[in-house]
Amino acid sequence: METPAGCRPRLDRNSLRANRSAPAGIRRAHRAGHTADACAEPAEAREFAGRAIRILLEVLDRRRPVAQLNTLCAPALVHTVGALVAGDHAPSRTLGAAVLTKFRLFPADDHAYELIAMYQRGPRRLALAGRAEHTATGWKLTALRLT
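Here's what I pulled together on the structure shown here. Keep in mind the model is a prediction, meaning the values are calculated, not measured. (Residues numbered from 1 in each chain as written. Predicted model: local features only at pLDDT ≥ 70, side-chain atom pairs only at ≥ 80, totals over all residues. Heavy atoms only, no water.)

As for the packing of aromatic side chains
Here is step 1: Counting across every chain of the model gives two aromatic pairs.
Here is step 2: Taking the centre distance of 6.0 Å and the plane angle of 45° together, the rings of tyrosine 113 and tryptophan 139 count as tilted. Taken together, the residues tyrosine 113 in strand β2 (residues 112–121) and tryptophan 139 in strand β4 (residues 138–146) connect sequence positions 26 residues apart.
Here is step 3: A relative accessible area of 7% means that tyrosine 113 is categorised as buried.
Here is step 4: Residue classification places tryptophan 139 among the buried residues on the basis of a relative accessible area of 13%.
Here is step 5: An aromatic cluster is built from Phe48, Tyr113 and Trp139, whose rings are joined through pairwise contacts.
Here is step 6: Above the plane of the ring of phenylalanine 103 lies arginine 46, whose end atom (NZ or CZ) is 4.4 Å from the centre. (Phe/Tyr/Trp six-rings, centres within 6.5 Å; stacked < 30°, edge-to-face > 60°. Helix = DSSP H or I, 4+ residues; strand = E, 2+ residues; numbered from the N terminus. Buried < 20%, exposed > 50% of the residue type's maximum accessible area, 1.4 Å probe, protein only. Lys NZ or Arg CZ within 6 Å of the ring centre and 35° of its normal.)

So this is what it looks like as structure tokens:
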């Protein structure tokens, strides 16, 4: 059946979806990932991560003793942070106190989350990444990367 000269056929929604730049499977996975992030993150993991990052930054600034990380971090991580503090190797420490600006958690395993955080020292914005795991004694930071 031919369409009249001045009329256009109605566009098929399926053909519109097929013409987008990303394949439909990738778009669905992307949407599913965004909805899973918001609801999969338990409040206790978020509270622990925020508190642990703030205390960690205060330890790096020498406003708290390294021993306060014993309940929050794995022993190897406490030792590593202690070495950073003792050698005064905290990134950009001379610019002022570190202030946490934002952080996000991403599910890694059933009882573990990867985290990224942005913090500020003076005019510079810096980042850190880590891993929080739920152990028999509670949440612990088990890995850390500072930039």
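Remarks on the pattern of salt bridges
Here is step 1: A full pass over the atoms with the stated rule returns seven salt bridges.
Here is step 2: Among the ionic pairs, arginine 131 bridges to glutamate 133, the shortest N-O distance being 2.7 Å.
Here is step 3: Put simply, Asp109, Glu114, Arg131 and Glu133 are held in one network by salt bridges that share partners. (Salt bridge = Lys/Arg side-chain N within 4 Å of Asp/Glu carboxyl O.)

Topic: the nonpolar core
Here is step 1: Residues Ile53, Leu57, Leu60, Leu69, Leu115, Leu128 and Leu141 are the most contacted members of the largest nonpolar core, which totals 32 residues.
Here is step 2: Elements with a minimum of two residues in this core: α3 (43–60), α4 (75–86), β1 (98–109), β2, β3 (124–135) and β4.
Here is step 3: Top contributing element to this core by residue count: α3, with ten residues.
Here is step 4: Sequence-distant contacts of leucine 128, defined by excluding residues within four places in its chain, comprise Ile53, Leu57, Leu115, Ile116, Ala117, Tyr119, Leu144, Arg145 and Leu146. (Core = buried A, V, L, I, M, F, W, Y, C linked by side-chain atoms within 4.5 Å. Contact = heavy atoms within 4.5 Å.)

The analysis is restricted to geometry; functional conclusions fall outside its scope.
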